Amino acid sequence: MESKTTKSQENENLIVWEDRFAIGIPIVDGEHKRLVELCNELYKAIVSGNNSTRKDFVFNTLKECADYVRTHFIHEEKLMQVCGYKDFEAHKKEHAEFAKKVLDKCRNFEKENYYSSMEFVKFLYGWILSHIAYTDRLYVDDLKAYLKNKK
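Residues numbered from 1 in each chain as written. Predicted model: local features only at pLDDT ≥ 70, side-chain atom pairs only at ≥ 80, totals over all residues. Heavy atoms only, no water.

1. So, the packing of helix α2 (residues 26-47) against helix α5 (residues 114-133)
Two numbers describe how α2 lies on α5: the axes approach to 10 Å, and their chain directions differ by 165°. With respect to α5, the element α2 is oriented roughly antiparallel. Remark: the crossing between α2 and α5 carries left-handed chirality. Two secondary-structure elements touch here, α2 through His-32, Leu-35, Val-36, Cys-39, Leu-42, Tyr-43, Ile-46 and Val-47 and α5 through Tyr-114, Ser-117, Met-118, Phe-120, Val-121, Leu-124, Tyr-125, Ile-128 and Ile-132. Broken down by class, the residue content of the contact of α2 with α5 amounts to 15 nonpolar, two polar and no charged. (Axes fitted to C-alpha atoms, helices over the stretch in contact; angles between N-to-C directions. Helix = DSSP H or I, 4+ residues; strand = E, 2+ residues; numbered from the N terminus. Parallel < 35°, antiparallel > 145°, perpendicular 65-115°, else oblique. Left-handed = near helix turned anticlockwise from the far one by under 90°. Contact = heavy atoms within 4.5 Å. Nonpolar A, V, L, I, M, F, W, Y, C, P; charged D, E, K, R; others polar.)

See the structure below:
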């Protein structure tokens, strides 16, 4: 059963980027902002009232999200490697588990409905914010020290 939404829900963002999410590495902060935008686009696609185009739009947004996540993780993992971040393997494992969930969602998209899609976007919301707000901050000092010594 599809849920009806109001126009205000369709235009609202699920996540609002705040300065407190910034980790102080401009390229990473920019990529994190894009991930937040993609999560918001996915949310808006799900709550849009247009059933005829919703599924295609959700799928395309989800695919773009999966592609961007892969690109971002490659960049972030290279930064962690060059600065010798001690917990690189654990961080990389978190990335791999997250990427697998996103890819699984893309592969099994035909089984999706409004409610399972909303559950997934809530998962994205929680993961993105906890990963950015906590996990990514763990390598920032190592990276800043590396960049400072490189000058």
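After that view, the rundown keeps rolling.
2. Topic: the packing of aromatic side chains
Under the defined criterion, the tally for this structure stands at eight aromatic pairs. The rings of Phe-73, Phe-98, Phe-120, Phe-123 and Trp-127 are connected pair by pair, giving a single aromatic cluster. (Phe/Tyr/Trp six-rings, centres within 6.5 Å; stacked < 30°, edge-to-face > 60°.)

3. A closer look at the pattern of salt bridges
Side-chain pairs of opposite charge can arise whenever the charged atoms involved come near each other. Inspection of the entire model under this criterion finds 10 salt bridges. Note that Asp-67 is salt-bridged to Lys-63, the shortest N-O span being 3.2 Å. Residue Asp-67 and its partner Lys-63 are both found in helix α3 (residues 51-82); the two are separated by four residues, about one turn of the helix. As a salt-bridge pair, Asp-87 and Lys-86 come within 3.3 Å of each other at their nearest N and O atoms. By relative accessible area, which is 35% here, Asp-87 ends up partly exposed. It is possible to trace a salt-bridge network through shared partners that takes in Arg-34, Glu-37, Glu-41 and Glu-64. (Salt bridge = Lys/Arg side-chain N within 4 Å of Asp/Glu carboxyl O. Buried < 20%, exposed > 50% of the residue type's maximum accessible area, 1.4 Å probe, protein only.)

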